[in-house]
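Per-entry structural report
Residue strings, one per chain:
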Amino acid sequence: MLPRTSVSISSDRPAGAATAAVLLALLLVTPVSAQRGTSGPPEHADVEPVNHLPNPYETVRDWGTLPDGRSWGSVSAVNVDIDGVHIWAGDRCGANSCALSDVDPIVKLDPDGNVVTAFGAGLITWPHGIDVDAAGNVWIADARSPNARELEQRPDAPMNGHVVRKFSPAGELLMTIGTPGEVGDPPTHLNAPNDVLVAPDGSIFVAESHPAQYTDDPEAETAVSRIHKYAPDGTYLMSFSKWGYAGGDTRSPHSLAMDSRGRLFVADRGNRRIQIYDQSGNHLDTWYQFSRISGLYIDPNDVLYAIDSESDPNYNPGGWRKGLRVGSAATGEVWYFVPEHMSERPSGMGGYGSMGEGVTADRDGNVYAGEVGPVQGMTKFIPRLTRR
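Residues numbered from 1 in each chain as written. Predicted model: local features only at pLDDT ≥ 70, side-chain atom pairs only at ≥ 80, totals over all residues. Heavy atoms only, no water.

1. Digging into the pairing of strand β23 (residues 367–371)
What counts, and what does not: Using a 1.4 Å probe on the protein chains alone, a residue whose accessible area is under 20% of its type maximum counts as buried, one over 50% counts as exposed, and one in between counts as partly exposed. The helix count covers DSSP runs of H or I at least four residues long, the strand count covers runs of E at least two residues long, and both are numbered beginning at the N terminus. Two strands pair under a simple rule: DSSP has to find at least two bridges between them.
Summarising burial for β23: 5 of the 5 residues are buried, a large majority. Side chains V367, A369 and E371 project from β23 onto one buried face, and the interleaved Y368 and G370 project onto a second face that is buried too. Of the pairings in the sheet, the one linking strand β22 (residues 358–361) to β23 comprises 4 bridges and is antiparallel in character. Pairing of A361 across the sheet is with V367, part of β23. As paired strands, β23 and strand β24 (residues 377–383) are joined by 5 bridges and run antiparallel to one another. When the bridges of β24 are listed, E371 appears paired with G377. Where β23 hands over to β24, the hairpin turn is made up of 5 residues, of which G373 adopts a positive phi near 120°.

As structure tokens, this is what we get:
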């Protein structure tokens, strides 16, 4: 674990006062026109942006090599293996979907970034979330089915999506929650699931839906925002949360994590915050200090990794920057900030620069981000200060 105080030894921030002034103007500018889903909780306006903290990480872009000369596509699903060393990732088949591809989207990488296992061809359209349970099984949230454009190009594309799939470490399909290719409600269906988490007792939590963050209308068909709980055998038990802005409400629970106390942390991306619940669905707390995060990971020492790929003046107003924030799941303190990558166009829907959408960390504190947008593939952040 890294010490909590340090000097910044690396930074992607633009150099020079003139460039810094331009960046600040971009972050604070009033949007010219409103975009869908830009509303948020009123409490957010009272929170000072957390942008200026030490950055003790070295950024290594383009980490990991896919087999057969494949290029990485979009990656939002990343998780460390139970050995604390290998990294699992869901590659969207060299593009932003696997609907037109027959390659294996789920890959396991060794510490040098070489693929040692791959599976999932024909079973997943849009790998969005991932978890690895205590037995090493790999769970994938497949958030959508082939769209009309993809079906026009490939009429026989496998009709997957709107499911959570459980695979053995070798890739054997063990369980499917939901009905592939169909949108609906539990116990038989899911609706654009974002992520899945398996608790220590085997309980399964599924967060949905992805489109919920892009509406301001509670009556809209896409205003579906909830978390489902299942027994270890996949039996549906309950649902909690709903679309909205109040404490306990969510607008697209985008990522899930659990701390050592068994509290469920939810990246409530549409509302620019983290929501914390117990495992019965009771709302415990709301945190805004980690920004509008897409990905969330908590390690065994309760270090919280929160990655923000979307902040801009529309979707996270007030000057928040995209980046990786690292802190404590126990206290809520933010310790470090890794700024966004420079890119020709931004990730998300505007603003400045790019940052990953999925995040995890290995047992040595190396952080891995899955990139979506103009920067794709994987990024590794190596801690360069003495650990405790």
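2. Remarks on the layout of surface pockets
Inclusion rule: A 1.4 Å probe that fits into a set of points on a 1 Å grid over the protein atoms alone but cannot get out defines a cavity; an open set with protein on both sides within 12 Å along at least five of seven lines defines a pocket, and lining residues are those with an atom within 4 Å of a point. Grid points are joined across faces, edges and corners, and a volume is the space filled by probe spheres set on the points. As a working rule, the residues Ala, Val, Leu, Ile, Met, Phe, Trp, Tyr, Cys and Pro are called nonpolar, Asp, Glu, Lys and Arg charged, and the rest polar, with Gly in that last group.
Empty space within the second largest pocket amounts to approximately 380 Å³. Forming the walls of the second largest pocket are 22 residues, and the residues nearest its centre are W126, H210, Y214, E310 and V372. When grouped by side-chain class, the residues that make up the lining of the second largest pocket number 9 nonpolar, 7 polar and 6 charged.

3. A short note on empty space enclosed by the protein
A water-sized probe rolled over the atoms picks out the places where empty space is left. In this structure the tally under the stated criterion is 1 cavity of 30 Å³ or more. Looking at the largest cavity, its volume works out to about 70 Å³. C98, S101, G122, I124 and N160 are the residues nearest the centre of the largest cavity, which is lined by 14 residues in total.

4. A closer look at the side chain of S328
Operational definition: Polar contacts, as used here, are pairs of N or O atoms within 3.5 Å; protein pairs need one atom able to donate a hydrogen and one able to accept it. Residues neighboring in sequence count only if both atoms are side-chain atoms. The contact criterion used throughout is that any non-hydrogen atoms of two residues lie within 4.5 Å.
Mapped onto the elements, S328 comes out in strand β20 (residues 323–328). Overall, S328 belongs to the buried group, its relative accessible area being 6%. Within the local environment of S328, its side chain forms a polar contact with the backbone nitrogen of T331, the two atoms lying 3.1 Å apart. With residues near it in sequence (within four places) discarded, S328 still touches W287, F290, D302, L304, E333 and W335.

5. Observations concerning the state of the cysteines
Keep this limit in mind: What counts as a disulfide here is a pair of cysteine sulfur atoms lying within 2.5 Å.
Taken as a whole, this structure holds 1 disulfide when the rule is applied. Disulfide pairing is shown between C93 and C98; the S-S distance is 2.0 Å. Here the S-S torsion is close to 95°, and the disulfide linking C93 with C98 is therefore right-handed.

6. Some points on unusual backbone geometry
The step from P186 to P187 runs through a cis peptide bond, and the omega angle for that step is 10°. Look at the link from E208 to S209: it is a cis peptide, with omega at 5°. As for its position among the elements, S209 is in the loop between β11 (204–208) and β12 (226–230). Here the phi dihedral of A192 falls at roughly 50°; this positive angle occurs in a residue that is not glycine. Here A192 is to be found in the loop between β9 (173–177) and β10 (193–198). On the basis of relative accessibility, which here comes to 5%, the residue A192 falls in the buried class.

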